[in-house]
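Here's the letter readout for the chains.
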Amino acid sequence: MTTFRKNDTTAGEGEPVRPPVKVLVILGHPRADSLCGALADAFCEGARAVGTQLRRLDLATLEFDPHVHTQSPNDQPLEADLYRARELVAWAEHLVFVYPTWWGSVPALLKGFLDRIMAPGFAFRSCEGGIGYEGLLNGRSAQLITTMDTPPLIHRLLYREPGKNAMARATLGFCGVRPVRALAFGSVKEASPLQRQAWLARANRLGRQLGRGRITPVERLKHKSGAWLRALRLQFYPMTWIAYAVGGLAASPGGGVFGNPVFWLGYLCLFLLEVATVLVNEVVDLRTDRANRFYSTFTGGSRVLVEGLLSPREVKAGIIAALLGFVGSTVWLLGLAPVAPASVVLVLGGLAVLAIGYTLPPLMLSYRGLGELDVAVTHSIGVLLCGYAFLGGAWSDPLPWLLSLPLLLAILPSITLSGIPDLEADAGAGKRTLAVRLGRRGALKVALGCTLLSAAVAVVWQLLGLAGGAFGGIALVAVPHGAWLAWLLSRHIQSDRPPGRIDGLMVASLGYVLWFGLVPLFRLA
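What you see as residue numbers is a count from 1 along each chain, following the sequence as written. It should be noted that, the model being predicted, local features are given only for residues of pLDDT at least 70 and side-chain atom pairs only at 80 or more, the latter also being counted only at that level, while totals for whole chains, interfaces and linings use all residues. Side-chain descriptors were evaluated using all non-hydrogen atoms of the structure, hydrogens and water having been removed beforehand.

### Regarding the overall build of the protein chain
The condition that has to hold: Runs of E in the DSSP output that reach at least two residues are strands. Runs of H or I that reach at least four are helices, and both are numbered from the N terminus. Summary of the burial criterion: residues with accessible area below 20% of their type's maximum are buried, those above 50% are exposed, and those between are partly exposed, where the area comes from a 1.4 Å probe applied to protein chains only. Note on definitions: a residue-residue contact is assigned when non-hydrogen atoms from the two residues lie within 4.5 Å.
Counting its regular elements, the protein chain contains 18 helices and eight strands. If you line up the protein chain on its principal axes, its C-alpha atoms span 85 × 55 × 45 Å. The burial tally for the protein chain puts 51% of its 525 residues in the buried class. When contacts within the protein chain are restricted to residue pairs at least 6 apart in sequence, those whose partners lie at least 24 apart make up 77%.

### Observations concerning the packing of helix α1 (residues 35-49) against helix α6 (residues 193-208)
So the rule is basically this: Think of each axis as a best-fit line through the C-alpha atoms, taken over the contacting stretch in the case of a helix, with angles from 0 to 180 degrees between the N-to-C directions. Put simply, a crossing is left-handed when the front helix is turned counterclockwise from the back one by less than a right angle, and right-handed when it is turned clockwise. Each residue gets one of three labels, nonpolar for Ala, Val, Leu, Ile, Met, Phe, Trp, Tyr, Cys and Pro, charged for Asp, Glu, Lys and Arg, and polar for the others, Gly among them.
Interhelical geometry of α1 versus α6 gives an angle of 35° and a closest axis separation of 6 Å. When the axes of α1 and α6 are compared, the crossing they make is right-handed. Here α1 contributes Leu35, Ala38, Leu39, Ala42, Phe43, Glu45, Gly46, Ala47 and Ala49 to the contact with α6, which in turn contributes Arg196, Trp199, Leu200, Ala203, Asn204, Leu206, Gly207 and Arg208. Looking at the contact of α1 with α6 residue by residue, the classes come out as 11 nonpolar, three polar and three charged.

### Here's the deal with the packing of helix α16 (residues 434-464) against helix α17 (residues 475-494)
Just so we agree on the cut-off: Each angle receives one of four descriptions, namely roughly parallel if under 35 degrees, roughly antiparallel if over 145, roughly perpendicular if within 65 to 115, and oblique otherwise.
Put simply, α16 and α17 touch, their axes get as near as 9 Å, and they point 165° apart. In terms of their interaxial angle, α16 and α17 are classed as roughly antiparallel. Remark: the crossing between α16 and α17 carries left-handed chirality. Residue-level contacts link Arg440, Arg441, Leu444, Lys445, Ala447, Leu448, Thr451, Leu452, Val459 and Gln462 of α16 to Ala475, Val479, Gly482, Leu485, Ala486, Leu489, Ser490, His492, Ile493 and Gln494 of α17. Of the residues that constitute the contact of α16 with α17, the class distribution is 11 nonpolar, six polar and three charged.

### Details of a nonpolar patch on the surface
What counts, and what does not: Only residues whose relative accessible area exceeds 30% and that form no salt bridge enter a patch; like-charged residues are grouped when within 9 Å of one another, and nonpolar side chains (Val, Leu, Ile, Met, Phe, Trp, Tyr) when within 5 Å. Per-residue accessibility takes into account occlusion by the displayed protein chains alone, with areas from the Shrake-Rupley method and a 1.4 Å probe. The working definition used for a salt bridge is a side-chain nitrogen of Lys or Arg within 4 Å of a carboxyl oxygen of Asp or Glu.
A contiguous nonpolar surface patch, about 320 Å² in accessible area, is contributed by Ile131, Tyr133 and Phe174. Note on placement: Phe174 falls in the loop between α5 (162-173) and β8 (180-185).

### Quick look at the environment of Leu279
The residue Leu279 is located in helix α9 (residues 261-284) in this model. Ignoring anything within four residues of it in the chain, the contact list for Leu279 reads Trp228, Ala231, Val315, Gly318 and Ile319.

### A word on the pattern of salt bridges
The tally for this structure, following the rule as stated, stands at 17 salt bridges. In this structure, Arg56 engages Asp58 in a salt bridge whose closest nitrogen and oxygen atoms are separated by 2.8 Å. Asp496 serves as the salt-bridge partner of Arg441, at 2.7 Å between the closest nitrogen and oxygen. With a gap of 55 residues between them, Arg441 in helix α16 and Asp496 in the loop between α17 and α18 (503-524) connect regions that are remote in the sequence. Looking at Asp496, the relative accessible area reads 66%, which means it is exposed. Within the structure, one salt-bridge network assembled from shared partners comprises Asp41, Arg56 and Asp58.

### Quick look at the nonpolar core
This is how the line gets drawn: The nonpolar core is taken to be a set of buried Ala, Val, Leu, Ile, Met, Phe, Trp, Tyr and Cys residues, with the residues joined through side-chain atoms within 4.5 Å.
Counting residues in each nonpolar core, the largest one holds 98 residues, and the members touching the most others are Leu403 and Leu417. Setting aside anything within four residues of it in sequence, one finds Leu403 in contact with Val246, Ala250, Leu384, Ala467, Ala470, Phe471 and Leu524. Counting residues in hydrophobic clusters, the runner-up holds 32 residues, among them Leu57, Val106, Phe113 and Ala142.

### As for empty space enclosed by the protein
Gaps between atoms show up when a probe of the same size as a water molecule is rolled over them. For the record, the criterion: Cavity: a set of points on a 1 Å grid over the protein atoms alone where a 1.4 Å probe fits but cannot get out. Pocket: an open set with protein on both sides within 12 Å along at least five of seven lines, its lining residues, like those of a cavity, having an atom within 4 Å of a point. Grid points are joined across faces, edges and corners, and a volume is the space filled by probe spheres set on the points.
In this structure the tally under the stated criterion is one cavity of 30 Å³ or more. Of the volumes computed, that of the largest cavity is approximately 30 Å³. Contributions of two or more residues to the lining of the largest cavity are made by α8 (237-251), α14 (398-417) and α18. Residues belonging to the lining of the largest cavity are distributed by class as follows: eight nonpolar, one polar and no charged.

### Some words on the layout of surface pockets
Empty space within the largest pocket amounts to approximately 1,600 Å³. Surrounding the largest pocket, 46 residues form its lining, Asn138, Arg178, Arg230, Glu307 and Leu309 being those nearest its centre. For the lining of the largest pocket, the secondary-structure elements that each account for two or more residues are β6 (133-135), α5, β8 and α7 (217-232). No other element matches the eight residues that α7 contributes to the lining of the largest pocket. Split by residue class, the lining of the largest pocket holds 13 nonpolar, 18 polar and 15 charged.

### Side note on the packing of aromatic side chains
Selection criterion: A pair of aromatic rings is counted whenever rings of Phe, Tyr or Trp (Trp by its six-membered ring) have centres within 6.5 Å, and the orientation is called stacked for planes under 30 degrees apart, edge-to-face for over 60 and tilted otherwise. By the criterion adopted, a ring carries a charge over it if an Arg CZ or a Lys NZ lies within 6 Å of its centre and within 35 degrees of its normal.
Scanning the entire structure with this criterion turns up 16 aromatic pairs. Pairing Trp241 with Phe258 gives two aromatic rings, centres 5.8 Å apart and planes at 20°, and the pair type is stacked. Taken as a pair, Trp241 in helix α8 and Phe258 in the loop between α8 and α9 lie far apart in primary sequence, 17 residues in all. Since its relative accessible area comes to 23%, Trp241 is described here as partly exposed. Note on Tyr267 and Phe271: the rings are 6.4 Å apart at their centroids and 55° apart in plane angle, and the pair reads as tilted. Pair noted here: Tyr267 and Phe271 are both in helix α9, with a separation of four residues, about one helical turn. Note on Tyr267: relative accessible area 15%, which makes it buried. Among the aromatic residues, those joined into a ring-pair cluster are Tyr237, Trp241, Tyr244, Phe258, Phe263, Trp264, Tyr267, Phe271 and Phe390. Sitting over the ring of Trp91, Arg55 keeps its end group 4.2 Å from the ring centre. Between the NZ or CZ atom of Arg86 and the centre of the ring of Phe122, over which it lies, the distance is 4.6 Å.

### Things to note about α17
Note the threshold: To estimate the expected span of a helix, subtract one from its residue number and multiply by 1.5 Å. The arc in question is the one traced by the directions running from the helix axis out to the C-beta atoms.
The end-to-end C-alpha distance of α17 is 27 Å, a good match for the 28 Å that 20 residues give at a rise of 1.5 Å each. Among the residues making up α17, those that are buried are Ala478, His481, Gly482, Leu485, Ala486, Leu488, Leu489, His492 and Ile493. Within α17, the buried residues cover an arc of 165° as seen down the axis, which keeps them to one side. Turned more than 90 degrees off the buried face of α17, the exposed positions are Leu476 and Gln494. On its buried side, α17 packs onto α14, α16 and α18.

### Overview of α14
In an α-helix, one turn spans 3.6 residues, which is why side chains three or four residues apart end up on the same side. Over its 20 residues, α14 runs 30 Å from end to end, which matches the ideal 28 Å to within 8%, given 1.5 Å per residue. With respect to burial, α14 is a largely interior element, 15 of its 20 residues being buried.

Below, the structure is given as structure tokens:
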């Protein structure tokens, strides 16, 4: 049985007209005359009352084979009822599944239905980037309404809600449907008639809530917050803090650096500058990010603009807010730092120009073949010198420069390697990274040379006791890790594989960088 009813929404004079939400209610119980059927009826009644466009599928009335007999679901022709069901799923903005929880999961009827219609090319597709799959049902939300004999609290705590996780995450979420809400009623076998009436009333209210839209303000806030966190790319910030802390400890050894407000105010300046930098990169690199087929956690940007999670206007507003915060924090720092304001302005101003100029015109260093060197400089001597100068050191002292050279060389392999997955997209956008200029093998050779050179410099510093002894013992960790990374790079140089993802190599190279920050950090602390 497929029912359809269309309602118009009206608004008061001067109010915007909200288009009616397109809702598809899917009853997954094998019996329509069940509590689940009554809950579906109650939800539909509430949804119709607020003017939604409502259609309904009772799976028990459909004629289809729930089993996938072919190697791919796409090789098995869809029955007429399944073809119409797929059209309804494509039409809907909000999917509502009403079903009983049996043996911790959905009934076989509903599982077979999903097996048949949620096929590649319709619900998802494979891709080279991300997790290797991309959902195709984006822009839709869902509501799960389920009944169970187990008390819902016990089901949540003891069994960890396997059915909900399978539906919300592994099925709907995998296919791009977000958010997915869940409401469980139970224990059914112990419920009184009065309790069942309360459940029906709850389902009715749930349907009526669609009159205010399918996404709640809390969900919208959560969605935006998650998008902003993703845009910030916080996975790259810890190394900045480590290098900055090394500089602070070098300027004030044993002087309670981490209890000094100047230290944390200075890091706030760096944090806001890094926020502005990554957001500028998102805007300027949109063309190459959109064309990048091999995006991952390490390369290809955050993709919040590519996927429409944030608008260009929102990201530009974030850039302005970060820069205003950076300026305000810098002014505050000038009044507290124990050095001449000119020193702070010189060091922090130079860092800001290089950081923002990575992609922002007119410098656009990453588009001129200087991006890798720029990142290595800003994330080594740039932030380390800030920590040193903010806490009383002179920027011309040799110590911060000696501390930063091995770190600079260790950063170059990872930032050079990050251009290999982006090679084709960067070349198409006119971005002249080292990978574009030198090719895949040339970039790998640069990474190999810098890996060997960084380890050699750090060992020399250790043997000669330079940099205040901050590299004492680094040979024990950097040399074995560097040798392993060099072996991996050599294997890639000798292979004929085309440009693509190199996640394992990126993890190895980023882990290598840590030794050149952590060893000095602990030696100076």
